[in-house]
Amino acid sequence: MNKDKPLILITNDDGVEAAGIRALTSAVRDLGETVVFAPDGPRSGMSCAVTSIKPLTYKLLSQEAGLTVYSCTGTPADCVKLAVNEILDRTPDMLLSGINHGGNQAVCVHYSGTMGAVLEGCVIGIASLGVSLDNEKSGADFSEAARLGREVAVKVLEKGLPHGTYLNLNVPNVAGRVKGIAVCRQADGRWVREFNIEKDDDGQTLYWLAGDFIDREPIYPDNDTRMLAEGYASLVPCLVDVTDYPFMETLKSWNLS
């Protein structure tokens, strides 16, 4: 690998053959030496899950000037761990995850395999960015998400990120260009009506994950779900450290033994 160029590691949770990761790779590969190390199939909803009860394997799929592509049997977080610890000749300058086929705004950041990989990269000390398109339909157009992902990636390479901070970029499903990138907060809300219920041929009840997202009041005008609904891409800075520092003082006042 060319050590004179930044090393960029790319992964996802939709699988190495997914259209989103191909679009993201194409958009940023000229920014440095690029390595794709992604699951060999879909791993959506895996969050930060890691594989501990069986071994991992990986496979070299292709190699050309400036771009190497591997598949891995593990989760997105596994891919980051294995690539950094065993495969790459140095720690990446940047980790990109996506483009996810579906949004990862609001509390989805906690469920998402896409963002689980980003969190893992941040824990390791890599400047890390997740990119998602708020469109789950087949044939989704990733071009705008790829353009914006590249724009943010260029800035991340140039300016870096603070220790313990990672970025969550979500792009709305709009025709043409978005209105802009809104730096904003994560929406406070939850999913309701979370399952669609069906019966199989044997009468067994089947529960398919679904649901509707509801913002809690007050609904801040700069939250990510609202920005997406208004046609902006949302960019939320996230922290690895989830300590509630203000509540620490209240907790101390409980005089626990």
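Here the structure is a predicted model, which means the values were calculated and not measured. Here the residue numbers are simple positions, counted from 1 along each chain's written sequence. Thresholds applied to this predicted model are a pLDDT of at least 70 for local features of residues and 80 or more for the giving and counting of side-chain atom pairs; totals over whole chains, interfaces and linings are not thresholded and use all residues. To get the side-chain values, take all heavy atoms of the structure and skip hydrogens and water.

Caption draft 1: Spotlight on the overall build of the protein chain. For helices the rule is a DSSP run of H or I covering at least 4 residues; for strands it is a run of E covering at least 2, with both sets numbered from the N terminus onward. Counting secondary structure elements, the protein chain contains 7 helices and 13 strands. Only the C-alpha atoms count toward the radius of gyration. The rule for a globule is 2.2 Å times the residue count to the power 0.38. Taking 257 residues into account, the globule formula puts the C-alpha radius of gyration at 18 Å, and the protein chain, at 19 Å, falls close to it. Remark: exposure states derive from per-residue accessible area (1.4 Å probe, protein chains only) relative to the maximum for the residue type, with buried under 20%, exposed over 50%, and partly exposed in between. Per-residue burial over the protein chain gives 46% buried out of 257 residues. Residue pairs at least 24 apart in sequence account for 75% of intrachain contacts in the protein chain once pairs closer than 6 positions are excluded. Methods summary: accessible areas were calculated by the Shrake-Rupley approach with a probe of 1.4 Å, and residue burial reflects only the protein chains presented. Of the accessible surface of the protein chain, which amounts to about 13700 Å², a share of 51% is contributed by carbon and sulfur atoms. Only four residue types enter the charge count, namely Lys and Arg as positive and Asp and Glu as negative; His and the chain termini do not. One atom stands in for each charge, and that atom is NZ of Lys, CZ of Arg, CG of Asp or CD of Glu. Both charge centroids of the protein chain, one from 23 positive and one from 34 negative side chains, sit 4 Å from each other. Residue contacts follow a heavy-atom distance rule, with two residues in contact if any of their heavy atoms lie within 4.5 Å.

Caption draft 2: Highlighting the sheet that holds strand E13 (residues 233-239). If DSSP finds at least two bridges between two strands, the strands pair. Reading across the sheet, the 9 strands line up as E3-E4-E2-E1-E5-E6-E7-E13-E8 and stay open at both edges, with mixed pairing between neighbours. Looking along the sheet, the strands with just one partner apiece sit at the ends: strand E3 (58-64) and strand E8 (181-183). In this sheet, adjacent strand axes meet at a mean angle of 20° when their direction is disregarded. The pairing of strand E7 (residues 165-171) with E13 spans 6 bridges and is antiparallel. Bridge assignment links Asn-168 to a residue of E13, and that residue is Val-236. Axis geometry follows a simple rule: fit a line to the C-alpha atoms, using only the stretch in contact for helices, then measure angles between N-to-C directions, giving values from 0 to 180 degrees. Across the sheet, helix H1 (residues 19-28) is in contact with strand E1 (7-11), strand E2 (33-39), strand E4 (67-72) and strand E5 (94-101); its angle to E5 comes to roughly 140°. With respect to the sheet, helix H2 (residues 76-87) is in contact with E1, E2, E3, E4 and E5, its orientation differing from that of E2 by roughly 135°.

Caption draft 3: Region of interest: the state of the cysteines. Here, the term disulfide refers to a pair of cysteine sulfur atoms separated by no more than 2.5 Å. Counting across every chain of the model gives 0 disulfides. Here Cys-72 is not disulfide-linked; the sulfur of Cys-79 is the nearest cysteine sulfur, at 4.1 Å.

Caption draft 4: Broad picture of a nonpolar patch on the surface. A grouping of Phe-195, Ile-197, Tyr-207 and Leu-209 is seen on the molecular surface, where their side chains present a nonpolar patch of about 500 Å² in accessible area. Taken together, the elements giving at least two residues each to the nonpolar patch come down to strand E10 (195-199) and strand E11 (205-209). Its place among the elements puts Leu-209 in strand E11. Overall, the relative accessible area of 67% leaves Leu-209 in the exposed class. Patches draw on residues past 30% relative accessible area with no salt bridge. Two like charges within 9 Å are joined, as are two nonpolar side chains (Val, Leu, Ile, Met, Phe, Trp, Tyr) within 5 Å. Salt bridges are counted wherever a side-chain nitrogen of Lys or Arg sits within 4 Å of a carboxyl oxygen of Asp or Glu.

Caption draft 5: Inspection of unusual backbone geometry at higher detail. With an omega of -5°, the peptide bond between Gly-98 and Ile-99 qualifies as cis. Located in the positive-phi region is Asn-255, a residue other than glycine, with phi close to 55°. Mapped onto the elements, Asn-255 comes out in the segment after helix H7 (245-252).

Caption draft 6: Spatial organisation of the environment of Asp-30. In this structure, Asp-30 sits in the loop between H1 and E2. Of the residues examined, Asp-30 reaches a relative accessible area of 54% and is grouped as exposed. Along the primary structure Asp-30 and Pro-76 are separated by 46 residues, whereas in three dimensions their C-alpha atoms are 23 Å apart. Pairs of N or O atoms within 3.5 Å make up the polar contacts considered here, provided that, within protein, one atom can donate a hydrogen while the other can accept it, and that residues adjacent in sequence are counted only when both atoms are side-chain atoms. At a separation of 2.6 Å, a polar atom in the side chain of Asp-30 contacts the side chain of Arg-150.

Caption draft 7: Representation of the nonpolar core within the structure. Here, nonpolar core means buried Ala, Val, Leu, Ile, Met, Phe, Trp, Tyr and Cys residues that are tied together by side-chain atoms lying within 4.5 Å of each other. Leu-96 and Leu-169 are the most contacted members of the largest nonpolar core, which has 33 residues in total. For this core, the element with the highest residue contribution is helix H5 (residues 143-159), accounting for 6 residues. Residues within four places of Leu-96 in sequence aside, it is in contact with Ile-8, Leu-9, Ile-10, Thr-11, Leu-24, Val-28, Leu-129 and Ala-153. Counting residues in hydrophobic clusters, the runner-up holds 26 residues, among them Leu-9, Leu-88, Val-109 and Ala-117.

Caption draft 8: Quick look at the pattern of salt bridges. Counted under the stated rule, the structure contains 14 salt bridges. Between Asp-30 and Arg-150 there is a salt bridge whose closest N-O contact spans 2.6 Å. Linking Asp-30 in the loop between H1 and E2 with Arg-150 in helix H5, this pair joins segments that are 120 residues apart in sequence. Arg-150 sits in the partly exposed class, given a relative accessible area of 28%.

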